[in-house]
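The chain contents come next:
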Amino acid sequence: MTLTPSHTPAAAAAAAAAVTIPVLPGLPTGIDSTDVVVQMVRRAASRGFESWWRKAENVGFCANPIHLSGIDTFGRQHLVFTRCNNRRAVACPSCSDLYARDTWQLVHAGLHGGHHDMPTTIAGHPQVLARLTAPSFGPVHTAGDDTHRSHARRCHDPGHRGYIRCPHGKPLWCSTIHGDNDAQVGQPLCEDCYDYTGHTLFAWHAPELWRRFTISLRRLLDSHLRAIGEPAKSVHINYVKVAEMQRRAIPHFHAVIRLDGSPLPNGTGERGDQPEKHRRR
Ligand SMILES: [Zn+2]
Ligand SMILES: [Zn+2]
Ligand SMILES: [Zn+2]
C-alpha cells in the first residue's frame, strides 16, 4: 500500500491536533468537552461497557445516579443505579424531564380527566389558572421576547419614561436586549435602591402566604355558598401548584384551582371530598 502525503504519520498527527471537539449539548459550562470525549471513548472501549450501558439505560441516563451496593445470599456484591430524581435541569436533564412529564400527566388528568382514574366529567368543573407573583422590590434587568411586537424587547426602554436617574445617580433605563443566559438579568438597576429586606422577607414567607391564600379562598367560598343558600363545604377546592423561581431569585406560584362538588350528581365515582393525587405538591 502506498501512503499519500496525507496518510503519513506526521500528517495524521497534525490532522488529529487540528480536530475540533464540538460543544456537547447539555454539558455544564466550565467542563472541558475534550476531557469528556476522551472519557466517552475510553468507556465505550472498555470491557464492561455493555453492562454499564444497561445500568445507565435502566435509570434513563440520569446524570448523577445513586450507586446502591448490596450482597446477595451467595455473598456476591452487586451494584445498581437508581435515579437521582433531581427536578432541576442543570443538575440532571433526564430526571427533570421525567418530573416535567409526570407533572404534565398529573395536571392534564386534573383538568381534562380520561386517565389516571379521573373521569372526563372533571373537565366541566369550574377551574382557574392563577399566577401569584411577588410585588416589585425595585427595577431589575430583564430578558425575553416581546410577543406583541414580535421582536426582542429592550430591558428598560427609556422611551416610556425618559432618561431618569435614581437618587444615587444610577440610570433607571437599560437599552440592552439581554439574552436569557445574561448574568445581568434579574440584577437590580441600582443595588442601593433595591429593597433587599422586602425581597428576603417575601421569599421567606412565600409558603406561608400561599397557605393563608388557600385558607382565605376556602372561607370566601363558604361565605359565598351561605349567601346563595347552599351549605358551607358543599363545594371543595382542589388545586395543583408549581413554585417557580424567577430570575430576580424570588418564587412565584402557578396554580390550577378547581371546584368540585360533594357528592357529585353524576355518580361517576368522582371523589369530590377525598384528597386527590394531584391535590398538592
Ligand atoms: Zn437524575
Ligand atoms: Zn438591562
Ligand atoms: Zn439608586
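In this numbering scheme, every chain counts its residues from 1 along its sequence in written order. Numbering of ligands from 1 and lettering of chains from A proceed in the order in which they are written. Residues qualify for local features only when their pLDDT is at least 70, as the model is predicted, and side-chain atom pairs are given and counted only at 80 or more; totals for whole chains, interfaces and linings, by contrast, use all residues. Think of the side-chain values as coming from all heavy atoms in the structure, minus any hydrogens and water.

1. Looking at the pattern of salt bridges
Oppositely charged side chains can form a pair if their charged atoms are brought close together.
Reasoning step 1: For this analysis, a salt bridge means a side-chain nitrogen from Lys or Arg found within 4 Å of a carboxyl oxygen belonging to Asp or Glu. This structure, assessed with the given rule, holds eight salt bridges.
Reasoning step 2: One salt bridge connects Lys170 with Glu191, and the closest N-O pair in it is separated by 3.8 Å. With a gap of 21 residues between them, Lys170 in the loop between helix H5 (158-161) and helix H6 (196-227) and Glu191 in the loop between H5 and H6 connect regions that are remote in the sequence.
Reasoning step 3: Each of Lys170, Glu191 and Asp192 takes part in one network of salt bridges that share partners. The way it works is that DSSP assigns letters per residue, a run of H or I at least four long becomes a helix, a run of E at least two long becomes a strand, and they are numbered from the N terminus.

2. Concerning the coordination of the zinc ion (ligand 3)
Reasoning step 1: Nitrogen, oxygen and sulfur within 2.8 Å of a metal are treated as its donors, or within 3.2 Å for sodium, potassium and calcium (Na, K, Ca); water is not counted, so a site can appear incomplete. Protein-derived coordination of the zinc ion (ligand 3) comes from Cys166 (SG), His168 (ND1), Cys190 (SG) and Cys193 (SG), at a distance range of 2.1 to 2.3 Å.
Reasoning step 2: A four-donor site is called tetrahedral if each angle lies between 85 and 135 degrees; a four-donor site is square planar, and a six-donor site octahedral, when trans pairs exceed 155 degrees and the remaining angles lie between 65 and 115; all other cases are labelled irregular. The coordination sphere of the zinc ion (ligand 3) comprises four donor atoms, whose angles at the metal cover 98 to 117°; the geometry is tetrahedral.
Reasoning step 3: Here's how the labels work: a residue is buried when its accessible area is under 20% of the maximum for its type, exposed when over 50%, partly exposed in between, all with a 1.4 Å probe on protein chains only. On the accessibility criterion, Cys166 (6% relative accessible area) is buried.

3. Observations regarding the coordination of the zinc ion (ligand 1)
Reasoning step 1: Summarising the metal site, the zinc ion (ligand 1) is bound by the protein donors Cys62 (SG), Cys84 (SG), Cys92 (SG) and Cys95 (SG), whose distances to it range over 2.3 Å.
Reasoning step 2: All donor residues of the zinc ion (ligand 1) come from one chain, and their arrangement in sequence is C-x21-C-x7-C-x2-C. Of the two residues, Cys62 is situated in the loop between helix H3 (49-58) and strand E1 (66-71) and Cys84 in the loop between strand E2 (77-82) and helix H4 (93-112); the sequence distance between them amounts to 22 residues.
Reasoning step 3: Assessed through its relative accessible area of 22%, Cys84 is described here as partly exposed.

4. Overview of H4
Reasoning step 1: Each residue after the first adds 1.5 Å to the expected span of a helix. Taking 1.5 Å per residue, 20 residues should reach 28 Å; H4 reaches 28 Å between its end C-alpha atoms and fits that length.
Reasoning step 2: For H4, every residue scored as buried is listed here: Ser94, Cys95, Ser96, Thr103, Ala109 and Gly110.
Reasoning step 3: Where H4 is buried, its residues touch strand E3 (127-132), strand E6 (235-245) and strand E7 (251-261).
Reasoning step 4: Phi for Gly113, located one or two positions after H4, is positive at around 70°. Contacts between residues were defined by any pair of non-hydrogen atoms, one from each residue, lying within 4.5 Å.

5. Topic: the sheet that holds E7
Across a sheet, paired strands are connected by hydrogen bonds in the backbone, their directions being either parallel or antiparallel.
Reasoning step 1: Strands were regarded as paired on the criterion that DSSP finds at least two bridges between them. With antiparallel pairing, three strands are arranged side by side in an open sheet as E3-E7-E6. Single-partner strands in this sheet number two, and they are E3 and E6. On average, adjacent strands in this sheet sit at an angle of 20° to one another, irrespective of strand direction.
Reasoning step 2: Bridging between E6 and E7 involves 11 bridges; their strand directions are antiparallel. In the strand pairing of E7, Asn238 is matched with Arg258.
Reasoning step 3: Relative to E7, H4 is tilted by about 35°, and along the sheet it contacts E3, E6 and E7. Here an angle of 0 to 180 degrees is reported between the N-to-C directions of two axes, which are lines fitted to C-alpha atoms, with helices fitted over the stretch in contact.

6. Observations regarding a nonpolar patch on the surface
Reasoning step 1: Where nonpolar side chains cluster on the molecular surface, the patch consists of Ile66, Leu68 and Val80 and spans about 240 Å² of accessible area.
Reasoning step 2: Topologically, Leu68 is positioned in strand E1.
Reasoning step 3: What makes Leu68 partly exposed here is its relative accessible area of 42%. Candidates for patches are residues over 30% relative accessible area with no salt bridge; among them, like charges are joined within 9 Å and nonpolar side chains (Val, Leu, Ile, Met, Phe, Trp, Tyr) within 5 Å. Note on areas: these come from Shrake-Rupley sampling with a 1.4 Å probe, and a residue is covered only by the protein chains present in the view.

7. Quick notes on the nonpolar core
Reasoning step 1: Buried Ala, Val, Leu, Ile, Met, Phe, Trp, Tyr and Cys residues form a nonpolar core when they are joined through side-chain atoms within 4.5 Å. Core analysis: the biggest nonpolar cluster contains 16 residues, and Phe137, Phe202 and Ile257 have the highest contact counts within it.
Reasoning step 2: Contributions of two or more residues to this core are made by H6, E6 and E7.
Reasoning step 3: When residues in this core are grouped by element, the largest group, five residues, is from H6.
Reasoning step 4: Not counting the four nearest positions on each side in its chain, Phe137 is found in contact with Tyr194, Asp195, Gly198, His199, Phe202, Arg248 and Ile250.
Reasoning step 5: If you look at the next biggest cluster of nonpolar residues, it comprises five residues, including Cys62, Phe81, Cys92 and Cys95.

8. Things to note about the packing of aromatic side chains
Two measures describe an aromatic ring pair: the distance that separates the ring centres and the angle between the ring planes.
Reasoning step 1: Centres within 6.5 Å are what make two rings of Phe, Tyr or Trp a pair, Trp counting through its six-membered ring; a difference in plane orientation under 30 degrees is then read as stacked, over 60 as edge-to-face, and the rest as tilted. In total, this model carries nine aromatic pairs according to the counting rule given.
Reasoning step 2: For the pair Phe137 and Phe202, a centre-to-centre distance of 6.1 Å together with 55° between the ring planes defines the contact as tilted. Within this pair, whereas Phe137 is found in the loop between E3 and strand E4 (145-146), its partner Phe202 is found in helix H6, the two being separated by 65 residues in sequence.
Reasoning step 3: Seen from the ring of Phe81, Lys55 lies directly overhead, with NZ or CZ sitting 5.7 Å from the centre. By the criterion adopted, a ring carries a charge over it if an Arg CZ or a Lys NZ lies within 6 Å of its centre and within 35 degrees of its normal.

9. Quick word on the confidence of the model for the chain
Reasoning step 1: Summing up the model confidence of the chain, the mean pLDDT is 84 and the portion of residues at 70 or higher is 83%.
Reasoning step 2: For every residue, the pLDDT score states the predictor's confidence, bounded by 0 at the bottom and 100 at the top. Low pLDDT, under 50, characterises residues 1-7; the stretch is placed with two contacts to residues that sit more than four places away or in other chains.
Reasoning step 3: Predicted confidence for residues 264-281 stays below pLDDT 50, and this span has 44 contacts to residues more than four positions away or in other chains.

10. Let's talk about the side chain of His199
Reasoning step 1: Relative to the assigned elements, His199 resides in helix H6.
Reasoning step 2: Any pair of N or O atoms that falls within 3.5 Å is considered a polar contact. Within protein, one atom must be able to donate a hydrogen and the other to accept it, and sequence-neighbouring residues count only if both atoms are side-chain atoms. A distance of 3.5 Å separates a polar atom in the side chain of His199 from the backbone oxygen of Arg248.
Reasoning step 3: Residues within four places of His199 in sequence aside, it is in contact with Phe137, Tyr194, Arg248, Ala249 and Ile250.

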